[in-house]
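Architecture at a glance
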Amino acid sequence: MTKAKICFIGAGNMPRAIIGGLVASGYDPQLIHATNPSAPKLDAMRADFGIHTSHDNLAAARDADVVVLSVKPQLMEAVCRELSPAIDKQLLITIAAGIPERRYHDYFGKQVKLIRTMPNTPMLLGLGMTGLYAPAKIGEADRALAGMLMQSCGDILWVEKEEDINKVIALAGSSPAYFFLFVEAMVEAGMALNMTEEAARHLAQQAAVGAAAMMKANPEQSLAQLREAVTSKGGTTAQAIATFEQGGLRPLVKQAMGNCIKRAEEMANTF
Ligand SMILES: NC(=O)c1ccc[n+]([C@@H]2O[C@H](COP(=O)([O-])OP(=O)(O)OC[C@H]3O[C@@H](n4cnc5c(N)ncnc54)[C@H](O)[C@@H]3O)[C@@H](O)[C@H]2O)c1
């Protein structure tokens, strides 16, 4: 296993998941450093993982081989400008949505080695999905390092064109929220039928977990086949599915994902 020193600048939820995955996979916690202005967040990460923590972005980045940029897109420019004197040969990995690779060279005021990634929150449970994009000049060793980092808490998919990172956002980065919304709507419908919230959530959430596990366990079956196996001819499911289809679920999903991508493109012009 690599001995790279990795620092996470802006260690919120997502770095917490990646650090948890790394440490669980045997990565030496003494090689990991997290920064954040929030002392309680750092205390918790030190206690949980035995890593180094500090409020000093510059010192942490100076000492690292890999710097993971994890702040919100709105703060990225200011944080990169602050970090610039500490950045020389380090590999930079960003998890920020929207900001194109070329913009980071402007932020740092020099050419930097940067890989864009788009993870998602199920990384917290080791069930993440991360898309990665590296420009052609990034070498194999750096690609392998970024892949190892993200694979420690889920699956990864490399995309060849940077624009495809926005498709990763629509399909995986943002999509856990779509599933939560769907289950939320089911629970509300259950409550409207006089069920308790607890019972409705238990039923809907366990059905979601089971359906997700079936998709994963049966890659040879199409999603339509899995759906049809639940849908007895003339039965109850058929009525529900027909209602979704008539209500325009498929075009609505297409529209939502299109708008997600449009927002990422707008962010690329804003930050
Ligand atoms: N939340 C998601 O589902 C998700 C998924 C993929 C990518 N992302 C990306 O991850 C990044 C973080 O988003 P988040 O939702 O996890 O936010 P977050 O608020 O959990 O994490 C950002 C952290 O940065 C810290 N911070 C603020 N200013 C700082 C500074 N000057 N120096 C160091 N740390 C600073 C904050 O205290 C916070 O803990 C964003 O760029 C977002 O686009 C988020």
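Residues numbered from 1 in each chain as written. Predicted model: local features only at pLDDT ≥ 70, side-chain atom pairs only at ≥ 80, totals over all residues. Heavy atoms only, no water.

For the rest of this paragraph, the subject is the overall build of the protein. Per the secondary structure count, the protein includes 12 helices and eight strands. By its C-alpha atoms, the protein is 65 × 40 × 35 Å across when sized along the principal axes. The buried share of the protein, reckoned over its 271 residues, is 41%. Contacts spanning at least 24 positions in sequence make up 61% of the contacts within the protein whose residues lie at least 6 apart. When the accessible surface of the protein is summed, it comes to about 15000 Å², and 59% of that surface belongs to carbon and sulfur atoms. (Helix = DSSP H or I, 4+ residues; strand = E, 2+ residues; numbered from the N terminus. Buried < 20%, exposed > 50% of the residue type's maximum accessible area, 1.4 Å probe, protein only. Contact = heavy atoms within 4.5 Å. Areas by Shrake-Rupley, 256 points an atom, 1.4 Å probe, with all protein chains shown as cover.)

We now examine the confidence of the model for the protein. In this model, the protein carries an average pLDDT of 96, and 100% of its residues clear a pLDDT of 70 or more. The ipTM for the predicted assembly is 0.98, set against a pTM of 0.96. (pLDDT = per-residue confidence, 0-100.)

If you check the shell around the ligand, you find 20 residues, and the closest are G10, N36, N57, V71 and A97. Between an oxygen atom of the ligand and a side-chain N or O atom of N36, the distance comes to 2.8 Å. The contact in question runs from an oxygen atom of the ligand to an N or O atom on the backbone of V71, over 2.7 Å. Taken by itself the ligand offers 820 Å² of open surface, and the protein chains cover 76% of this. Those elements giving two or more residues to the shell around the ligand turn out to be α1 (13-24) and α4 (73-83). Among the elements that line the shell around the ligand, the one with the most residues is α4, at three residues. Across the shell around the ligand, the residue classes tally to 11 nonpolar, seven polar and two charged. (Near = heavy atom within 4 Å. Polar contact = N/O pair within 3.5 Å; in protein donor to acceptor, adjacent residues only side chain to side chain. Nonpolar A, V, L, I, M, F, W, Y, C, P; charged D, E, K, R; others polar.)

Let's shift gears to helix α6 (residues 140-151). Taking 1.5 Å per residue as the helical rise, α6 with its 12 residues ought to reach 16 Å, and the 16 Å between its terminal C-alpha atoms agrees with that figure. By the burial criterion, the buried members of α6 are D142, L145, A146, G147, L149 and M150. (Expected span 1.5 Å × (residues − 1).)

Let's shift gears to a nonpolar patch on the surface. On the surface, F182, M186, F244, L249 and V253 cluster together into a nonpolar patch covering about 400 Å² of accessible area. Counting residues per element, the ones that place at least two in the nonpolar patch are α8 (175-192) and α12 (249-270). Tracing the sequence through the fold places L249 in helix α12. (Patch = residues over 30% accessible without salt bridge, like charges linked within 9 Å, V, L, I, M, F, W, Y side chains within 5 Å. Salt bridge = Lys/Arg side-chain N within 4 Å of Asp/Glu carboxyl O.)

Right, let's get into the UniProt feature "domain: Pyrroline-5-carboxylate reductase catalytic N-terminal" (unreviewed entry) in the protein. Following the UniProt record, the feature "domain: Pyrroline-5-carboxylate reductase catalytic N-terminal" (unreviewed entry) maps to residues 5-98 here. Taken end to end, residues 5-98 comprises 43% helix and 20% strand; its first and last C-alpha atoms sit 27 Å apart. (UniProt positions renumbered as here; feature names shortened; annotations may be inferred.)

Now for the packing of helix α7 (residues 164-173) against α12. When two helices pack together, their arrangement is captured by the angle between the axes and the distance separating the axes. Relative orientation of the contacting elements α7 and α12 amounts to 135 degrees, with a least axis distance of 9 Å. Taken together, the axes of α7 and α12 are oblique relative to one another. Read as a crossing pair, α7 and α12 show a hand that is right-handed. Contacts between α7 and α12 involve N166, K167, I169, A170 and L171 from the first element and M257, C260, I261, A264 and E265 from the second. (Axes fitted to C-alpha atoms, helices over the stretch in contact; angles between N-to-C directions. Parallel < 35°, antiparallel > 145°, perpendicular 65-115°, else oblique. Left-handed = near helix turned anticlockwise from the far one by under 90°.)

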